[in-house]
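# Structure assessment
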Amino acid sequence: MPENHTPDDGHNHAHGGFLNRILGGRAEVIFAVLCGICLLLGWLGPKYGIMSEQFGFGLLLAAYFFGGYFTLREAVEKISKGQFQIDFLMLVAASGAAILGEWAEGAFLLFLFSVGPVSYTHLTLPTSDLV
């Protein structure tokens, strides 16, 4: 599995960080899965009376963290270099959803955005070597 991406693949940061060392190089995958799980439980739990609204809200906050962590890192990195890319816009959209009180929608947006790079890295790149 590639550890560094090419500058033109839209996902060009190195994966040698602290979290990847702890999680065996799969931090983005684990965070995307945790985001999805927290989103699902935080959204459906209170609806079906499985958990309190407060606990469900806490899970939605956790989904924001897991879904937005790598997006925020990439956005800060790009902005510090004077570049403006979609990472920043996704964070603005998720923040806007939170401001409007639509936490689940913002968490869903971050989940979808976190799954994109993971699927590209773990599905598309390995199969391109087969061609």
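Everything here concerns the structure above.
Rules used in this analysis
Residues numbered from 1 in each chain as written. Predicted model: local features only at pLDDT ≥ 70, side-chain atom pairs only at ≥ 80, totals over all residues. Heavy atoms only, no water. Helix = DSSP H or I, 4+ residues; strand = E, 2+ residues; numbered from the N terminus. Expected span 1.5 Å × (residues − 1). Salt bridge = Lys/Arg side-chain N within 4 Å of Asp/Glu carboxyl O. Buried < 20%, exposed > 50% of the residue type's maximum accessible area, 1.4 Å probe, protein only. Disulfide = S-S within 2.5 Å. Phe/Tyr/Trp six-rings, centres within 6.5 Å; stacked < 30°, edge-to-face > 60°.

## What about helix α2 (residues 27-47)?
Taking 1.5 Å as the rise per residue, α2 with 21 residues should run 30 Å; its terminal C-alpha atoms sit 30 Å apart, in good agreement. Remark: Gly-49 follows α2 within two positions and exhibits a positive phi of approximately 70°.

## Observations regarding the pattern of salt bridges
Evaluated as defined, the whole model comprises two salt bridges. With a shortest N-O distance of 4.0 Å, Glu-74 and Lys-78 are connected by a salt bridge. One end of the pair is Glu-74 and the other is Lys-78, both in helix α3 (residues 53-80) and four residues apart, which spans about a single turn. According to the relative accessible area criterion, Glu-74 is buried, its value standing at 4%. Residue classification places Lys-78 among the buried positions, given a relative accessible area of 5%. Measuring nitrogen to oxygen at the nearest pair gives 3.6 Å for the salt bridge that ties Glu-77 to Lys-81. Here Glu-77 falls in the partly exposed class, since its relative accessible area comes to 27%.

## Quick word on the state of the cysteines
The final tally for this structure, using the stated rule, is zero disulfides. Here Cys-35 stays unpaired: no disulfide links it, and the sulfur of Cys-38, its closest cysteine neighbor, is 7.4 Å away. The class for Cys-35 is buried, based on a relative accessible area of 0%.

## Section: the packing of aromatic side chains
Under the criterion given, the structure shown has ten aromatic pairs. Ring plane angle 85° and centroid distance 5.0 Å describe the contact between Phe-57 and Trp-103, whose orientation is recorded as edge-to-face. Residue Phe-57 is located in helix α3, and its partner Trp-103 is located in helix α5 (residues 103-128); the two are separated by 46 residues in the primary sequence. Ring geometry for Phe-65 against Phe-66: centres 5.3 Å apart, planes inclined by 70°, an arrangement best described as edge-to-face. One aromatic cluster is present, built from ring pairs that chain together Phe-31, Phe-65, Phe-66, Tyr-69 and Phe-70.

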